[in-house]
Amino acid sequence: PVSGSSSALTGPSISGDMEFLTAGAEIVGDVKFADGLKLPNVNKPGTNVLDWYQEGNFTPVVSGSSVAGVGSYFHQIGKYTRVGNLVTFTISLAWSAHTGTGNMLIGGMPFYSTNTSFHDGCYFTVLYDQMTAAAGKQVVAVIGANSINLQLQMCDPGGSFLSSVAIDSSVGKLGISGSYFCV
């Protein structure tokens, strides 16, 4: 049998599911697990339910909005952490050639975004090299509603004017990081 007190829970090794029934009392102090805490990673209702934690890698892909095309990459690195419905990510991309045309998209995000407009504040930091941006403009990335694609856009430093960034068919380097809400 497992026994407990206000300061310790001891007993033999437990496998399978374990539920803490506290009869309205609080658990005060640290709860430690030898192999880490594993969550079911299924959406459960409730504002106080941590129902998803996941870390992983993904492969971001540059494509054109008119013709997707194919790129020759030096590297394609994507890493993410999902806690609940918040995804935090970093992307590092470098390519030597690309056959796509139109505006630049970065596809392959690990989870679809929620059903909200990208004008609701999901702008991401973009560092770029060997790409052309209009004088006095900043390059930002945005994610649309129900999407796994980032769109690269240029804006005034005040953020008042947005225009799409054309795909660079020769060489390019991008670093993008940020967080967005997923379904």
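In what follows, the structure referred to is the one given above.
Within each chain, residue numbers correspond to sequence positions counted from 1 in written order. With pLDDT at 70 or above as the cut-off, local features in this predicted model cover only qualifying residues; side-chain atom pairs require 80 or more to be listed or tallied, and sums for whole chains, interfaces and linings still use all residues. Hydrogens and water molecules were not included; the side-chain quantities draw on all heavy atoms of the structure.

Chemist: How would you explain the nonpolar core if you had to name every residue and give the values?
Modeler: Soluble globular proteins tend to pack their nonpolar side chains together in the buried interior. Residues Phe-89, Ile-106, Leu-150, Leu-152, Leu-174, Ile-176 and Tyr-180 are the most contacted members of the largest nonpolar core, which totals 29 residues. Taken together, the elements giving at least two residues each to this core come down to β6 (86–98), β7 (104–107), β8 (123–129), β9 (138–143), β10 (150–155) and β12 (172–181). With five residues, the top contributor of residues to this core is β6. Contacts were defined at the residue level, with two residues in contact if any of their heavy atoms lie within 4.5 Å. Not counting the four nearest positions on each side in its chain, Ile-106 is found in contact with Pro-60, Val-61, Val-62, Ile-91, Leu-93, Ile-148, Asn-149, Leu-150, Leu-152, Leu-174 and Ile-176. To define a nonpolar core, start from buried Ala, Val, Leu, Ile, Met, Phe, Trp, Tyr and Cys residues and group those joined through side-chain atoms within 4.5 Å. A simple rule labels every residue: compare its accessible area, found with a 1.4 Å probe on the protein chains alone, to the largest value its type can have, and call it buried under 20%, exposed over 50%, or partly exposed in between. Runs of E in the DSSP output that reach at least two residues are strands. Runs of H or I that reach at least four are helices, and both are numbered from the N terminus.

Chemist: Go over the environment of Thr-125 with me, naming the residues and quoting the values.
Modeler: Relative to the helices and strands, Thr-125 resides in strand β8. A relative accessible area of 49% means that Thr-125 is categorised as partly exposed. Taking the C-alpha atoms as reference, Thr-125 lies 9.4 Å from Val-142; in sequence the two are 17 residues apart. Not counting residues up to four positions away in its chain, the partners in contact with Thr-125 are Gly-175, Ile-176 and Ser-177.

Chemist: Report on unusual backbone geometry, specifying residues and quantitative values.
Modeler: Within the chain, Asn-146 stands out as a residue other than glycine whose phi angle is a positive 50°. Relative to the assigned elements, Asn-146 resides in the loop between β9 and β10.

Chemist: Give me the lowdown on the packing of aromatic side chains, citing residues and values where you can.
Modeler: Only Phe, Tyr and Trp rings take part, Trp by its six-membered ring, and two of them pair if their centres are within 6.5 Å. Stacked means planes under 30 degrees apart, edge-to-face means over 60, and tilted covers everything else. For the structure shown, the criterion picks out six aromatic pairs. Between Phe-58 and Tyr-80, the aromatic rings sit 6.3 Å apart at their centres with planes inclined by 45°, giving tilted as the arrangement. Here Tyr-80 lies in strand β5 (residues 71–83) and Phe-58 lies in strand β3 (residues 53–58), a separation of 22 residues in the sequence. Given the relative accessible area of 9%, Phe-58 is considered buried. Ring centres of Phe-89 and Phe-124 lie 5.1 Å apart, and the angle between their planes is 80°; on these two criteria the pair is classed as edge-to-face. Of this pair, Phe-89 sits in strand β6 while Phe-124 sits in strand β8, placing them 35 residues apart in sequence. You can call Phe-89 buried: its relative accessible area is 1%.

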